[in-house]
Structure formats: C-alpha cells, structure tokens
Amino acid sequence: MERAEKQELVTSLHDVFSDAASVVVVHYDGLSVAEITDLRSQMRAEGASLKVTKNRLTRLALKGTDYEGITDLFTGPTAIGYAEDPVSAAKVLSKFAKDNEKLRVLGGGMGSTVLDQSGVKALASLPSLDELRGKLVGLLQAPAQKVASVTQAPAGQLARVFGAYGSQDAA
C-alpha cells in the first residue's frame, strides 16, 4: 500500500468514526470468505456496515474522535461494525458471534463511552430504532382507536334500536 492510499484510508476511517453512533470491534480469525460475505449482507440488511481494518492505520484514524478510548482493542485480525443506529451493528455481530465461535466480540464504543464485551451484549439486547418507533406509533394509535370505538358504539346501538322498532312496526 502506498503512502497516499494509506492517508486516504485513514481519512475515510476517521470519517466513519466521526459519523457512527456506535462502533463494535471484533476478531474474525478463521472465518471463511463466504462467512464474512454472509455477515456483511446481514449487516447491510440492518443498515450497518462491516469493515476489515489495518490496526496501525485504524489507531491513527481514531485520534481526534469520540472513539479514541477503544484504541487498545485493535490487535490481531480485527474488523469494525458500525452504524448510524446505535443498536443495529451490536445486535447483528452479537447474534453472529453466538452462532459462530470464530467471530469474537472484543468491545466497542458508543459516543465517548467505551464498551466491553458485556456492554456490547447489553446494547445488542436493546430494541432497535425502528422497533421503538413502531412501539411508539402503537401506543399513540391505541387511545385513538378506543375513542373511535366508544363514539361509534352509541350510534351503532341507536341504529339497532331504530331497526328493531322499524321491524316491529312492519310486523
């Protein structure tokens, strides 16, 4: 890799660390190309990304970002999972690590907070942003549905009473 390529890689990684809501660092020792491709597609489906990193260049890219505290995690064959949603990368990587022992979650960060393995697992157990939005919409719609059914019930009862009187008069 030439010097210009290295500088470009450091700049792009610095941008990733500046924009990401959370970063998860993993060891991927022993994973096949097919397994990494499958993991990347799972990450993309959740709106996250996986990037295999060069440790020395990644440490340089971390300087001046909120994630400077996770510098010590970059030893050995490392990759980073990151996303704009703080939960999605941790969720996908934790699930994949549970099913495949070749992928090990080392830790990560969320903003300036450094997370260890248990912190990443706790983050993965939280509902995603889309799930929270769905729950919120459900909570907001429930009272409106109850109000609509309460206001429609008397009208329906009146219609049945008038229908019953009408059928008595016809008989």
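Our structure is the block above this text.
In this report, we go over the structure that sits alongside the text. Just so it is clear, the model here is predicted, and its values are computed rather than measured. Every chain's residues receive numbers from 1 upward, in the order its sequence appears when written. This being a predicted model, a pLDDT of at least 70 is required before a residue's local features are given, and a value of 80 or more before pairs of side-chain atoms are given or counted; all residues contribute to the totals for chains, interfaces and linings. As a rule here, side-chain values come from all non-hydrogen atoms in the structure, and water together with hydrogens is ignored.

1. Some details on the pairing of strand β3 (residues 78-83)
Each regular strand carries side chains that alternate between the two faces of the sheet. Heads up, the rule is: Per-residue accessibility, obtained with a 1.4 Å probe over protein chains only, is compared with the maximum for each type, and a residue is labelled buried under 20%, exposed over 50%, and partly exposed between these values. Numbering of helices and strands runs from the N terminus, with a helix taken as a DSSP run of H or I at least four residues long and a strand as a DSSP run of E at least two residues long. What makes two strands pair is DSSP finding at least two bridges between them.
With six of six residues buried, β3 lies mostly within the body of the structure. Burial along β3 is two-sided: Thr78, Ile80 and Tyr82 facing one way and Ala79, Gly81 and Ala83 facing the other are all buried. As judged from the five bridges shared by strand β2 (residues 48-52) and β3, these two strands associate in the antiparallel manner. Along β3, the bridge assignment pairs Val52 with Ala79.

2. Looking at the environment of Pro127
To keep it simple, the criterion reads: Contact definition: two residues touch when any of their heavy atoms are within 4.5 Å.
Structurally, the position occupied by Pro127 is in the loop between α5 (117-125) and α6 (129-170). Distance from Pro127 to Lys91, taken between C-alpha atoms, is 9.1 Å for residues 36 residues apart in sequence. If sequence neighbours within four positions are ignored, Pro127 has contacts with Val87, Lys91 and Leu132.

3. Some remarks on the sheet that holds β3
Applied cut-off: A fitted line through C-alpha atoms serves as each axis, taken over the contacting stretch for helices, and the angle formed by two N-to-C directions is quoted from 0 to 180°.
The strand order β2-β3-β1-β4-β5 describes an open sheet built from five strands, whose pairing is antiparallel. Of all the strands in the sheet, just β2 and β5 (113-115) have a single pairing partner and so form its edges. Averaged over all adjacent pairs, the angle separating strand axes in this sheet is 20 degrees, with direction ignored. Here five bridges tie strand β1 (residues 22-27) to strand β4 (residues 104-110), and the two strands are oriented antiparallel to one another.

4. Focus on the pairing of β1
When you tally the buried positions in β1, you get six out of six residues, the bulk of the element. Burial of β1 is two-sided: the residues Ser22, Val24 and Val26 facing one way and the residues Val23, Val25 and His27 facing the other way are all buried. Here β1 pairs with β3 via six bridges, running antiparallel. Its bridge partner being in β3, His27 is matched across the sheet by Thr78.

5. Topic: the packing of helix α1 (residues 3-19) against helix α3 (residues 55-62)
Rule in force here: Should an angle fall under 35 degrees it is called roughly parallel, over 145 degrees roughly antiparallel, and 65 to 115 degrees roughly perpendicular, with every other angle called oblique. Helix crossings fall into two classes, left-handed where the near helix is turned counterclockwise from the far one by less than a right angle and right-handed where it is turned clockwise. In the scheme used here, Gly and all other residues not listed as nonpolar or charged are polar, with Ala, Val, Leu, Ile, Met, Phe, Trp, Tyr, Cys and Pro taken as nonpolar and Asp, Glu, Lys and Arg as charged.
Contact geometry for α1 and α3: axes closest at 8 Å, N-to-C directions at 55 degrees. Between α1 and α3, the angle is such that the two are oblique. Note that α1 runs across α3; the crossing there is right-handed. Contact with α1, carried on its side by Lys6, Leu9, Val10, Leu13, His14 and Phe17, involves Leu57, Thr58, Leu60, Ala61 and Leu62 of α3 and no other residues of that element. Partitioned by chemical class, the residues of the contact of α1 with α3 number eight nonpolar, two polar and one charged.

6. So, the layout of surface pockets
Spelled out, the test is: Only protein atoms enter the 1 Å grid used here. Points where a 1.4 Å probe fits but cannot escape make up a cavity, open sets with protein on both sides within 12 Å along at least five of seven lines make up a pocket, and a residue lines them when an atom lies within 4 Å of a point. Grid points are joined across faces, edges and corners, and a volume is the space filled by probe spheres set on the points.
The computed volume of the largest pocket comes to approximately 210 Å³. Around the largest pocket sit Lys91, Ser94, Lys95, Ala97, Lys98, Leu103, Val105, Gln117, Val120, Lys121 and Ala124, which together line it. Among the elements that line the lining of the largest pocket, the one with the most residues is helix α4 (residues 88-99), at five residues. A per-class count over the lining of the largest pocket returns five nonpolar, two polar and four charged.

7. Quick look at the nonpolar core
Under the convention used in this document: Think of a nonpolar core as a cluster: buried Ala, Val, Leu, Ile, Met, Phe, Trp, Tyr and Cys residues, connected wherever their side-chain atoms sit within 4.5 Å.
Counting 23 residues, the largest nonpolar core has Val24, Val26, Leu39, Met43, Leu50, Leu93 and Leu103 as its most contacted members. Put simply, the parts of the chain that give this core at least two residues each are β1, α2 (33-45), β2, β3, α4 and α5. No other element matches α4, which puts six residues into this core. Ignoring anything within four residues of it in the chain, the contact list for Leu50 reads Ile36, Leu39, Arg40, Met43, Ala79, Ile80, Gly81 and Leu93.

8. Points about the side chain of Thr53
Locating Thr53 in the fold gives a position in the loop between β2 and α3. If sequence neighbours within four positions are ignored, Thr53 has contacts with Leu13, Thr58, Phe74, Thr78, Ala79 and Ile80.

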